[in-house]
Amino acid sequence: MASARVLVHVRRAGAGRAAAFGQSVTGAFCPPHADEAPVSCGLQRGRFLISDVPFPGSAATVLKRPPFCPAKLGGDTPGGRGGQPGVAAAVAVLLEATCGHVLLTRRAATLRHFPNVWVPPGGHLEPGEELVAAGLRELAEETGLRLEPGTFSWRLLGLWESLFPPSLSWGPPRCHHIVTYLGLRSAEPRQQLQARLCPSPCEVSAVAWLEPRVLEAIAATEDGTEGPGPGSEPEPGLGSGSGPGSFPGELPATVGITELSAGGLRSSRIPTGILLRRAPARGPDLERVSTGTKFALGRRRGGWAGGGGDQLQGG
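A few points on the structure.

Rules used in this analysis
- Residues numbered from 1 in each chain as written.
- Predicted model: local features only at pLDDT ≥ 70, side-chain atom pairs only at ≥ 80, totals over all residues.
- Heavy atoms only, no water.
- Core = buried A, V, L, I, M, F, W, Y, C linked by side-chain atoms within 4.5 Å.
- Buried < 20%, exposed > 50% of the residue type's maximum accessible area, 1.4 Å probe, protein only.
- Contact = heavy atoms within 4.5 Å.
- Salt bridge = Lys/Arg side-chain N within 4 Å of Asp/Glu carboxyl O.
- Helix = DSSP H or I, 4+ residues; strand = E, 2+ residues; numbered from the N terminus.

Our next topic: the nonpolar core. Of all hydrophobic cores here, the largest spans 42 residues; its most connected members are Val25, Phe48, Ile50, Ile178 and Leu182. Apart from the residues within four sequence positions on either side, Leu182 is in contact with Val91, Ala92, Val93, Leu94, Leu131, Val132, Trp154, Arg155, Leu156 and Leu157. Judged by nonpolar contacts, the second largest core, of 29 residues, contains Leu157, Leu251, Phe295 and Leu297.

Right, dumping it as C-alpha cells:
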C-alpha cells in the first residue's frame, strides 16, 4: 500500500471540513441512532468529498457504518497510525466472472489490520488516481489479475466506514477509512481469470471464487445483529429467508479455495460456516468475511444497470 493518502472531506449544509480521525463520518449525515445515510461522493481537488447534496462529478450512493463502530460509540479518539491525522479514502473491488462467481481474498496472517479475514482486493486511493483505476491497480497488485479496458463493466456499490480495531473491546482505533466498494463484472469466464491468478504472498494467503447462493448467505449474516453467538458457524442447509441469520436454501458444506504455500498454489476446501461467522464482540478475531464485505455483497444484489458504470471523476 502506498504511503501517500487521499483524505476524506465532508460537506453538510454548505459547510465543508476535513473528516477527523476517530469521529464518525457517517454520523455527520445521520441521527445518532441510525447507521446509514444517503450521500453524494466524488473526487474534488485531490480530496474524496462526501456531501449531503450533489456536486459536479459526484455520484449518489449510501454511506454506512456498523452498529458497533468505535467512532460512533467512543466519540473523538485522537491519533492514528504514525500520528497521521484524518480519515483516508480506500477502494475495494468485487470482481464477478461471467458465471456470477465473485472473487474474495483471505488477508495474510502477517498483516497488522484484519489478518485472516476474507475481503475483496483493495487498498488506499493514491493522489491523482480515479477510483476505478485505483481498484484495478489493487486487484493487479494483490491477485495478479489485470483487466483490459473494454473487458469489464462497473458500478458504485456504496461507501463503508471502517476502523481497526473494529470494536472498542479490542482497543482504541489505529486506522480509519472510508472504503468505496465497486462492483466489476468481467466479460471473461471464471476459469480464464483463475488461470491468470498470481496472488501476492505479502497480502494474500488464499483466494476463492464464491457462487451466488453462498454470497447471498454471507450477506445475510449481518454483524452486530441478533443471531447465533459471537464466532458461531451457522449450519449450511438452513431454510430460505431474507433476514439476518437466514439463508437461501441448501448451501454446500464446504467451498473450494486456492491457498498459497511454499510450493506455490494448491487447491483446498474450508467449511462454508467459516464464511458465515459473525464478527466476535470480544476476544480474538476469527477467520471470517469482513463486515464491510457483507455490506457490499448486500448492495450488489441490487442488480446491474446498463452502460459502463457510474461517473466518479476528479475535479
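The structure having been displayed, the exposition proceeds.
Throughout the structure, instances matching the rule amount to 16 salt bridges. When the shortest N-O distance is used, the salt bridge between Asp35 and Lys72 registers 2.9 Å. With Asp35 in the loop between strand 2 (15-18) and strand 3 (36-44) and Lys72 in helix 1 (residues 70-73), this residue pair connects regions lying 37 residues apart in the sequence. Exposure remark for Lys72: the relative accessible area of 26% places this residue in the partly exposed category. With a closest N to O distance of 3.1 Å, Arg185 and Glu96 form a salt bridge.

The omega torsion across Phe164 and Pro165 is -5°, close enough to zero to call that bond cis. Relative to the helices and strands, Pro165 is located in the loop between strand 10 (152-164) and strand 11 (175-186). At Arg45, a residue that is not glycine, the phi angle is positive and equals roughly 50°. Mapped onto the elements, Arg45 comes out in the loop between strand 3 and strand 4 (47-51). The backbone of Phe114 shows a phi angle near 50°, a positive value even though the residue is not glycine. As for its placement among the helices and strands, Phe114 is situated in the loop between strand 7 (102-107) and strand 8 (117-119).

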